[in-house]
Amino acid sequence: MRSTAIIKQLATFAKKVFPGKTAIKPGKTLPQPIKIPRSEHPISRKDISENALKVLYRLNKGGYDAYLVGGCVRDLLLGVTPKDFDVATNASPEQIKSLFRNCRLIGRRFRLAHIVYGRDIIEVATFRGHHADDSNDNHSDEKKHVSKQDNEGMLLRDNVYGTIDEDAQRRDFTVNALYYSIADFAIYDFANGIADLEQGLLRLIGDPEQRYREDPVRMLRAVRFATKLGLRLEQETEAPIRNLANLLDNIPPARLFEEFLKLFLNQRAQANFERLTELNLFQYLFPVLKSVLKQPDSLEYRMATQVFADTDKRLREEKGVNPAYLFAALLWYPMSARAEEIVQESGLPPYDAMQIAAADTLTRQVRSIAIPKRFSIPMRDIWLLQLRLQQTSPRRAIRLLSHPKFRAGYDFLLLRARVENDKELTELGAFWTNLQKQNPSEVGSVAAKPTRRPRRRRAPRKNNNG
């Protein structure tokens, strides 16, 4: 592969320019970075976003250091088109804002600058510095004011700025401590990241337990990067994860929703699910599935495996995937079990029981992963359609074809039939497949607007004047 050849070439060059690097303990930053000049690496400015180059050049002309950093440099070295281009600089957020009229400052935990070009956003971060761990530090009072940790060691506020060397030490993985300078177009490797890429390793910088405690989401990132890049987790990097997985309970549900999208909408959904389950991480994303995740024969496990495999297939075929469908599949069996309980306890009709069960299930789930209404409402539609799809009388069936979420509900019915290997569901799916062939014009059509009720005529006012 082209990427493998590039990495081997860079690693060979690194050994020549920094022969003592093997004496450096793995997972530590180097006393001085390995500098790889433009002539020795494959990254070209034509491979970099035009807007990212604008940001880099303006920072540089403004008298500041400016680097592409992290995943985009790593991906460019591997011959992969980066999804985002992140910039690191020694300019403070306020100084960045003074250079760019199209800049907005965001973030409380760590202040970032977003340079906005229409839909394209270039994220610019000031070099991070070390925290004031030493009480004798002359700057400890100042640093304590801008940084804060909870009792578990998780960073709640992290606006401590420093040098590029300190910033490299604060990076999570060695393969992300790579900096591309716009000043000389060289790559600076601060933590033997290129050597780890050559060996197929994903390694944390620093003490793994401490780094996970600072930000438990790093455990999810470790899995995502390993599967995305085809790397294996280095032994010390993997070792603490199972014991620290419970720290994900402290992460805001909105942030875990974003991580869910990154994990399961990137063509590695099935691999991520299996690895997360193995490391006891998935159960903290979906606590309602905790008791069945270790039972590969359970319907819940089979459903998750199948829907993630289908997701990967659709993404490879460049088809869309709605997160609502994923959530509906993962939570279907806990929700339907709750609906059956309600029917038995209260005697409510199945449709009403499912409405209540859906609300209960979502209430429990959003404590872990926040699900926006734009996804939770279609989830309910998909679930309730499973009842309506059982109605096969001609008039009702043809009318149901025009339901806005019919296709999602129909696809979900077929998914259930495969997972459960159920004859009745298979026959029901075949019925709806044939009906769509017979009435193609009805599928997906906008439902007829309800007829308006006739307006009531107001009674004439009484004349009180006699």
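Please read these numbers as outputs of a predicted model, since none were measured by experiment.

Visitor: Can you help me understand the nonpolar core in this one?
Guide: When a protein is soluble and globular, its nonpolar side chains tend to lie buried together. Grouped together as the largest cluster of nonpolar side chains are 77 residues, with contacts concentrated most on Phe264, Leu281, Phe282, Phe286 and Trp383. Residue contributions to this core peak at 13 residues, all from helix α16 (residues 323-346). Split by domain, this core shows at least three residues from each of two domains, domain 1 (1-15 + 33-132 + 146-199) and domain 2 (322-439). Ignoring sequence-local partners within four residues, the contact set of Leu281 consists of Met219, Leu220, Val223, Ile241, Ala245, Leu248 and Leu276. Counting residues in each nonpolar core, the second largest holds 33 residues, with Val87, Tyr117, Ile122 and Tyr180 among its members.

Visitor: Please explain the packing of helix α15 (residues 299-316) against helix α20 (residues 406-420) as it appears in this structure.
Guide: The relative placement of two packed helices is expressed as an angle between their axes plus a distance between the axes. Relative orientation of the contacting elements α15 and α20 amounts to 125°, with a least axis distance of 10 Å. Regarding the angle of α15 to α20, the classification is oblique. Between α15 and α20 the crossing geometry is right-handed. Contacts from Leu299, Arg302, Met303, Gln306, Val307 and Asp310 of α15 reach α20 at Phe412, Leu415, Arg416, Arg418, Val419 and Glu420. The residue makeup of the contact of α15 with α20, split by class, is six nonpolar, one polar and five charged.

Visitor: Whenever I open this one, the pattern of salt bridges confuses me. Can you help?
Guide: Pairing between side chains of opposite charge can happen when their charged atoms approach one another. For the coordinates displayed, the defined rule picks out 24 salt bridges. Between Arg221 and Asp172 there is a salt bridge; the shortest N-O distance is 2.6 Å. Remark: Asp172 occurs in the loop between α6 (164-170) and β9 (178-181) and Arg221 occurs in helix α9 (residues 217-229); sequence separation between them is 49 residues. The closest approach of N and O atoms between Asp215 and Arg255, which form a salt bridge, is 2.9 Å. With Asp215 in the loop between α8 (208-214) and α9 and Arg255 in helix α12 (residues 253-264), the pair connects residues that are 40 residues apart, well separated along the chain.

Visitor: Got a minute to help me understand the environment of Ser298 in this structure?
Guide: Structurally, the position occupied by Ser298 is in the loop between α14 (282-285) and α15. Here the alpha-carbon distance between Ser298 and Glu420, two residues 122 residues apart in the chain, equals 9.8 Å. Only 3.2 Å separates the side chain of Ser298 from the backbone nitrogen of Tyr301, close enough to count as a polar contact.

Visitor: Looking at this structure, I do not really get the sheet that holds β9. What am I missing?
Guide: Strand-to-strand pairing in sheets goes through backbone hydrogen bonds, with the strands running parallel or antiparallel. Here eight strands make up an open sheet; going across it, the order is β1-β10-β9-β2-β3-β6-β5-β4 and the pairing mixed. On the outer flanks of this sheet lie β1 (34-36) and β4 (103-106), each paired with one strand and no other. Going from strand to strand, the sheet's axes swing by 30° on average, the running direction of each strand aside. By the bridge criterion, three bridges tie β1 to strand β10 (residues 187-189) in an arrangement that is antiparallel. Note that in β10 the partner of Lys35 across the bridge is Tyr188.

Visitor: Please clarify how the UniProt feature "active site" (unreviewed entry) in the chain should be interpreted in this entry.
Guide: Those places that UniProt annotates as "active site" (unreviewed entry) correspond, in this numbering, to Asp84, Asp86 and Asp172. Looking at where Asp86 falls in the secondary structure, it is placed in strand β3 (residues 86-89). We classify Asp86 as partly exposed; its relative accessible area is 30%. Among the residues examined, Asp172 registers a relative accessible area of 8% and is labelled buried. Ignoring anything within four residues of it in the chain, the contact list for Asp172 reads Arg203, Leu204, Ile205, Arg211, Arg218, Arg221 and Phe225.

Visitor: Explanation requested: the packing of aromatic side chains in the structure shown.
Guide: The geometry of two aromatic rings is summed up by the distance between their centres and the angle between their planes. In total, this model carries 23 aromatic pairs according to the counting rule given. Each ring, one from Phe273 and one from Phe282, has its centre 4.9 Å from the other, and the planes form 85°; the classification is edge-to-face. Here the two residues Phe273 and Phe282 agree in accessibility, since each one is buried. Relative to Trp432, the ring of Phe431 has its centre 5.2 Å away and its plane inclined at 85°; by these criteria the two rings are edge-to-face. When its relative accessible area of 0% is taken as the criterion, Trp432 is described as buried. Of the aromatic side chains, those joined through ring pairs into one cluster are Phe257, Phe260, Phe264, Phe273, Phe282, Phe286, Tyr301, Phe308, Phe327 and Phe375. The lysine or arginine in question, Arg45, covers the ring of Phe185, its NZ or CZ lying 4.1 Å from the ring centre.

Visitor: How should I be thinking about α12 in this particular structure?
Guide: For an α-helix, the turn length of 3.6 residues means that residues three or four places apart are oriented alike. For α12, which comprises 12 residues, the first-to-last C-alpha distance of 16 Å matches the rise-based estimate of 16 Å (1.5 Å per residue) to within 8%. What α12 keeps buried is the set Leu256, Phe257, Glu259, Phe260, Leu263 and Phe264. Mapping the buried residues of α12 onto a view down its axis gives an arc of 165°, with all of them on the same face. Looking at the buried residues of α12, the elements they touch are α9, α13 (269-278), α14, α15, α16 and α18 (373-388).

Visitor: How do you make sense of the packing of α9 against α12 when you look at a structure like this?
Guide: Interaxial distance between α9 and α12 falls to 10 Å at its minimum, and their mutual angle equals 5°. The orientation of α9 relative to α12 falls into the category roughly parallel. Contact with α9, carried on its side by Val217, Leu220, Arg221 and Arg224, involves Arg255, Leu256, Glu259, Lys262 and Leu263 of α12 and no other residues of that element. The residue inventory of the contact of α9 with α12, partitioned by class, reads four nonpolar, no polar and five charged.

Visitor: Which parts of the structure should I look at to understand unusual backbone geometry?
Guide: Among all residues except glycine, the phi angle is most often negative; among peptide bonds, the trans geometry is most common. At Asn192, a residue that is not glycine, the phi angle is positive and equals roughly 60°. For Asn192, the position within the fold is in the loop between β10 and α7 (193-199). Backbone geometry at Asn421 places phi at a positive 50°, although glycine is not the residue there. Inspection of the secondary structure assignment puts Asn421 in the loop between α20 and α21 (423-438). Using a relative accessible area of 67% as the deciding quantity, one classes Asn421 as exposed.

How each quantity is defined
- Residues numbered from 1 in each chain as written.
- Predicted model: local features only at pLDDT ≥ 70, side-chain atom pairs only at ≥ 80, totals over all residues.
- Heavy atoms only, no water.
- Core = buried A, V, L, I, M, F, W, Y, C linked by side-chain atoms within 4.5 Å.
- Buried < 20%, exposed > 50% of the residue type's maximum accessible area, 1.4 Å probe, protein only.
- Helix = DSSP H or I, 4+ residues; strand = E, 2+ residues; numbered from the N terminus.
- Domains from an automatic or database assignment.
- Contact = heavy atoms within 4.5 Å.
- Axes fitted to C-alpha atoms, helices over the stretch in contact; angles between N-to-C directions.
- Parallel < 35°, antiparallel > 145°, perpendicular 65-115°, else oblique.
- Left-handed = near helix turned anticlockwise from the far one by under 90°.
- Nonpolar A, V, L, I, M, F, W, Y, C, P; charged D, E, K, R; others polar.
- Salt bridge = Lys/Arg side-chain N within 4 Å of Asp/Glu carboxyl O.
- Polar contact = N/O pair within 3.5 Å; in protein donor to acceptor, adjacent residues only side chain to side chain.
- Pairing = 2+ DSSP bridges.
- UniProt positions renumbered as here; feature names shortened; annotations may be inferred.
- Phe/Tyr/Trp six-rings, centres within 6.5 Å; stacked < 30°, edge-to-face > 60°.
- Lys NZ or Arg CZ within 6 Å of the ring centre and 35° of its normal.
- Expected span 1.5 Å × (residues − 1).
- Arc of directions from axis to C-beta.

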